[in-house]
Amino acid sequence: MSGIAILLIGALLCFYGIRSMHLAVLAAGFGVGWLVSDLFNASLATLFLFGLIGAVTAWVVTTLVFKFSAYFIGGLTGAMVGAKVADVLQPGDNNWALSAIVIVAVAVAAAFLADKFRARALLWLTSIGGASMMLTGLAGLNGALEFLRHPEAGWQQVTSTLAWIALSVAGWIVQRRLFPEKLGIQRAAAR
């Protein structure tokens, strides 16, 4: 059940994130809570609790600070990406300090990119963040795919990273085609 939930939320963020900022905030907040607690092998109840706390907190803070919403959404999705990067970079048990450094560094960089480039940066960030959640969800559905959540061997890290890139690009393509008006893309007139 947990794999399906996180897979669906990841798909929503990856393929539909740029369309609705409210959904993107809720999904990104849920993803941050889930993925950060998943780094430390939390129980299913704890994962859902942290996911819900992350979603509500993200939505409340974004609502209160709407002027800085692109910055905040960028930081949230960056934290999700940072959590996945921290997991890929650390085979075996994860170090709290290294995980925190990676998550904060990626979150801050993503926040600044989202603030500067708005919709285009958010398109990439929601695609990348949603893809990381989808891989975690797939790993939860099938024990043979556990390496997508916590890759340890070199081939697992490479395969997990390539799957992450492929899903991210697919999300970017889908969102770009479905929501060109959100990105300010003018479609060429058919001849």
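Structure: above.
Keep in mind that this is a model prediction, so the values were computed, not measured.

Glancing now at the overall build of the protein. Summing up its helical and strand segments, the protein has seven helices and zero strands in all. Mapped from its N terminus to its C terminus, the protein presents α and β elements in the order α-α-α-α-α-α-α. Scaling as 2.2 N^0.38, a compact globule of 191 residues should have a C-alpha radius of gyration of about 16 Å, and the protein matches this with 16 Å. Taken over 191 residues, the protein has a buried fraction of 47%. Taking the intrachain contacts of the protein between residues at least 6 apart in sequence as the baseline, contacts between residues at least 24 apart amount to 74%. In the protein, 12 positive and 7 negative side-chain charges are present, and the distance between their average locations comes to 22 Å.

Turning our attention to the nonpolar core. L13, I18, M80 and M133 are the most contacted members of the largest nonpolar core, which has 33 residues in total. Only α1 (2-16), α2 (21-38), α3 (44-64), α4 (69-89) and α5 (96-141) provide two or more residues apiece to this core. The biggest single contributor to this core is α5, with ten residues. With residues up to four places along the chain from it excluded, the contact list for I18 reads A119, L122, L123, T126, Q175, F179, K182 and L183. Ranked by size, the runner-up nonpolar core spans eleven residues in total, among them C14, V81, W164 and L167.

So, about the side chain of S160. Along the chain, S160 turns up in helix α6 (residues 154-178). Taking relative accessible area as the criterion, S160 reaches 1% and is therefore assigned buried. Among residues more than four places away in sequence, those in contact with S160 are K84, V88, L135, F147, L148 and P151.

Basis of the calculations
Residues numbered from 1 in each chain as written. Predicted model: local features only at pLDDT ≥ 70, side-chain atom pairs only at ≥ 80, totals over all residues. Heavy atoms only, no water. Helix = DSSP H or I, 4+ residues; strand = E, 2+ residues; numbered from the N terminus. Rg over C-alpha atoms; globule rule 2.2 N^0.38 Å. Buried < 20%, exposed > 50% of the residue type's maximum accessible area, 1.4 Å probe, protein only. Contact = heavy atoms within 4.5 Å. Lys, Arg positive; Asp, Glu negative; His and termini not counted. Charge placed at Lys NZ, Arg CZ, Asp CG, Glu CD. Core = buried A, V, L, I, M, F, W, Y, C linked by side-chain atoms within 4.5 Å.

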